[in-house]
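What follows is each chain in one-letter form.
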Amino acid sequence: MTADPPPPSRHLRIFGIRNCDTMKKACIWLSDHGVAFDFVDYRRQGISADQIAEWSRRSDWKLLLNTRGTTWRKLAEEQRCNVDEDQALRLMAAYPSLIKRPVIDCGDRLLIGFDAQSYAREFLEPTDNE
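Below you will find a few notes about this structure. (Residues numbered from 1 in each chain as written. Predicted model: local features only at pLDDT ≥ 70, side-chain atom pairs only at ≥ 80, totals over all residues. Heavy atoms only, no water.)

1. Re the nonpolar core
The tendency in soluble globular proteins is for nonpolar side chains to be buried side by side. If you look at the biggest cluster of nonpolar residues, it comprises 36 residues, and the most contacted ones within it are Met92, Ile104 and Phe123. Among the elements of the structure, strand S1 (11–16), helix H1 (21–32), helix H2 (49–58), helix H3 (61–64), helix H6 (85–94), strand S3 (103–105), strand S4 (110–112) and helix H7 (116–123) are those that each provide at least two residues to this core. With five residues, the top contributor of residues to this core is H1. (Core = buried A, V, L, I, M, F, W, Y, C linked by side-chain atoms within 4.5 Å. Buried < 20%, exposed > 50% of the residue type's maximum accessible area, 1.4 Å probe, protein only. Helix = DSSP H or I, 4+ residues; strand = E, 2+ residues; numbered from the N terminus.)

Structure representation (structure tokens):
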């Protein structure tokens, strides 16, 4: 008989909007798997343009930009056409709901969006350092 591995010891920051269904799924998954986290609701607390730019440096800005939601559809056509990184960063700073949710800061990298398999690989599988 082998003992279950101890729960993950990482403490993360998860960024998003409280009422988002995807956020709720992610928070439930993390809690159910013993992953400690602090939640930052950037609709209420705000998010700086510098923070969004930092995320863009650590990940692809195209992954950060939520083009499937109502906020994107409500933008003027000229705002949505030929979006480049600078335009996307300005739009996300002006309309935080354009940021795909959740954004989880894992220290060395970001996880963007909710995917149970990716979460399991990141938070439950042992790393070479363990």
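2. Considerations on unusual backbone geometry
The peptide bond linking Arg101 to Pro102 adopts the cis configuration, its omega dihedral lying at -10°. Inspection of the secondary structure assignment puts Pro102 in the loop between H6 and S3. A positive phi angle, near 50°, is found at Asn82, a position not held by glycine. Here Asn82 shows up in the loop between helix H5 (77–80) and H6. Note on Asn82: relative accessible area 78%, which makes it exposed.

3. Topic: a negative patch on the surface
A cluster of acidic residues, Asp60, Asp84, Glu85 and Asp86, forms a negative patch on the protein surface. As for its position among the elements, Glu85 is in helix H6. (Patch = residues over 30% accessible without salt bridge, like charges linked within 9 Å, V, L, I, M, F, W, Y side chains within 5 Å. Areas by Shrake-Rupley, 256 points an atom, 1.4 Å probe, with all protein chains shown as cover. Salt bridge = Lys/Arg side-chain N within 4 Å of Asp/Glu carboxyl O. Lys, Arg positive; Asp, Glu negative; His and termini not counted. Charge placed at Lys NZ, Arg CZ, Asp CG, Glu CD.)

4. Considerations on the packing of H1 against H7
Axis separation between H1 and H7 bottoms out at 11 Å; the angle between their running directions is 35°. By crossing handedness, the relation of H1 to H7 is classed as right-handed. Of the residues in H7, those touching H1 at Ala26, Trp29 and Leu30 are Ala116, Tyr119, Ala120 and Phe123. (Axes fitted to C-alpha atoms, helices over the stretch in contact; angles between N-to-C directions. Left-handed = near helix turned anticlockwise from the far one by under 90°. Contact = heavy atoms within 4.5 Å.)

5. A word on H1
Here H1 spans 16 Å end to end across twelve residues, near enough to the 16 Å set by a 1.5 Å rise per residue. Taken as a whole, H1 has its buried residues at Met23, Ala26, Cys27, Trp29 and Leu30. Mapping the buried residues of H1 onto a view down its axis gives an arc of 160°, with all of them on the same face. For H1, the exposed residues lying more than 90 degrees away from the buried face are Asp21, Ile28 and Asp32. In the segment just after H1, Gly34 is the residue with positive phi, at about 70°. (Expected span 1.5 Å × (residues − 1). Arc of directions from axis to C-beta.)

6. Let's talk about the packing of H2 against H6
Two elements in contact, H2 and H6, have axes separated by 9 Å at closest approach and are oriented at 135°. One way to sum up the angle between H2 and H6 is to call them oblique. When you trace H2 past H6, the crossing you get is right-handed. Between H2, through Ala49, Ile52, Ala53 and Ser56, and H6, the contact on the second element is made entirely by Glu85, Leu89, Met92 and Ala93. Among the residues making up the contact of H2 with H6, the classes are represented as six nonpolar, one polar and one charged. (Parallel < 35°, antiparallel > 145°, perpendicular 65-115°, else oblique. Nonpolar A, V, L, I, M, F, W, Y, C, P; charged D, E, K, R; others polar.)

7. Details of the packing of aromatic side chains
Per the stated rule, a full pass over the model turns up five aromatic pairs. Taking 6.4 Å as the distance between ring centres and 45° as the angle between the ring planes, the aromatic pair formed by Trp29 and Phe123 counts as tilted. A residue pair is termed long-range when its members are at least 10 positions apart, and Trp29 in helix H1 and Phe123 in helix H7 qualify at 94 residues. Here Trp29 matches Phe123 in class, with each residue buried. An angle of 85° between the planes, with centres 5.0 Å apart, marks the rings of Phe114 and Tyr119 as edge-to-face. An aromatic cluster is built from Trp29, Phe114, Tyr119 and Phe123, whose rings are joined through pairwise contacts. (Phe/Tyr/Trp six-rings, centres within 6.5 Å; stacked < 30°, edge-to-face > 60°.)

Don't take any of this as a statement about function, it's just geometry.
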